[in-house]
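# Architecture and fold: a report
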Amino acid sequence: MKKTILLALSIVLVLVSLSGLAQAEEGPRFVTIREWLDAKGECGDCMLLVKVTQILNPVLAVAADDTGTVNLFSGSGEDSMILNFMSDECPREGAILVIANPRYNEFEGSVEMADWSLLRVMRDPALDEAE
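Residues numbered from 1 in each chain as written. Predicted model: local features only at pLDDT ≥ 70, side-chain atom pairs only at ≥ 80, totals over all residues. Heavy atoms only, no water.

### Some words on the pairing of strand E2 (residues 46-57)
What counts, and what does not: When DSSP locates at least two bridges between a pair of strands, those strands are taken to pair. The numbering of helices and of strands both runs from the N terminus, where a helix is a DSSP run of H or I of at least 4 residues and a strand a run of E of at least 2.
With two bridges joining them, strand E1 (residues 29-30) and E2 adopt parallel strand pairing. Note on E2: the bridge partner recorded for Phe 30 is Met 47. Bridge count between E2 and strand E5 (residues 96-100): five bridges; the pairing is antiparallel. Across the sheet, Leu 49 pairs through a bridge with Val 98, a residue of E5. Here E2 folds back onto strand E3 (residues 60-65), and the loop between the two strands holds two residues.

### Some words on the pairing of strand E7 (residues 109-114)
As defined by bridge partners, strand E4 (residues 68-73) adjoins E7 across two bridges and the pair is classed as parallel. Following the sheet pairing, Leu 72 is matched in E7 by Met 113. As judged from the three bridges shared by strand E6 (residues 103-105) and E7, these two strands associate in the antiparallel manner. Paired with Asn 105 across the two strands is Gly 109, which belongs to E7. Here E6 hands over to E7 after three residues, the two strands then running antiparallel side by side.

### A look at the nonpolar core
Nonpolar side chains in soluble globular proteins tend to end up buried together. Rules: We define the nonpolar core as a collection of buried residues of types Ala, Val, Leu, Ile, Met, Phe, Trp, Tyr and Cys that are connected through side-chain atoms lying within 4.5 Å of one another. For every residue, the accessible area (1.4 Å probe, protein chains only) is compared with the maximum for its type, and the residue is labelled buried under 20%, exposed over 50%, or partly exposed between those bounds. We call two residues contacting when some pair of their heavy atoms lies within 4.5 Å.
Leu 48, Leu 72, Phe 85 and Met 113 are the most contacted members of the largest nonpolar core, which totals 21 residues. Listed by contribution, the elements that provide at least two residues to this core are helix H2 (33-38), E2, E3, E4 and E5. When near neighbours in sequence (up to four residues on either side) are disregarded, Leu 72 contacts Val 59, Leu 60, Ala 61, Ala 63, Phe 85, Leu 97, Ile 99, Met 113 and Trp 116.

### A word on the side chain of Glu 112
We count it as follows: Side-chain atoms alone can form a polar contact between residues adjacent in sequence; in general such a contact is a pair of N or O atoms within 3.5 Å, and within protein one must be able to donate a hydrogen while the other accepts it.
With respect to the helices, strands and loops of the structure, Glu 112 is situated in strand E7. In this structure the side chain of Glu 112 is engaged in a polar contact, spanning 2.5 Å, whose partner is the side chain of Asn 105. Discounting chain neighbours no more than four positions away, the residues touching Glu 112 are Trp 36, Leu 60, Val 70, Asn 71, Phe 73, Arg 103, Tyr 104 and Asn 105.

### Quick notes on the pattern of salt bridges
Between side chains of opposite charge, a pair can form as their charged atoms come close. Counted only if it meets this: When a carboxyl oxygen of Asp or Glu lies within 4 Å of a side-chain nitrogen of Lys or Arg, that pair is called a salt bridge.
Tallied over the full model, the rule gives two salt bridges. Between Arg 34 and Asp 38 there is a salt bridge; the shortest N-O distance is 3.8 Å. Here Asp 38 and Arg 34 lie together in helix H2, a separation of four residues that amounts to about one turn. On the accessibility criterion, Asp 38 (53% relative accessible area) is exposed. With its nearest N and O atoms 3.5 Å apart, the salt bridge here joins Arg 92 to Asp 88.

Next up, the structure:
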């Protein structure tokens, strides 16, 4: 009887841990620029960690990671989501951005991300070492 109860408890614990893993996989996940391009801009609930390599104008910057480069367009979507790359409060070249759910810019296709949300801005540790 004790062995049966232990076996039943073990099965329940395994099932609970597997369901927890399944729920964890459903949340947002990090992808690379290459993965985003391969998914044709449809990565579901995803996030990217990119570095601003060049600011071209107030609403356009070039962003990169180890897998590629893409234009980061901030001029579409809601007004509250527009990021002016040339303002004093905005991330500068070398800043690392965590962005969520970017889509292809319908006017520029796969070369440009649009309708993304900025989740976090970080300083590049390499810039701190250079100073």
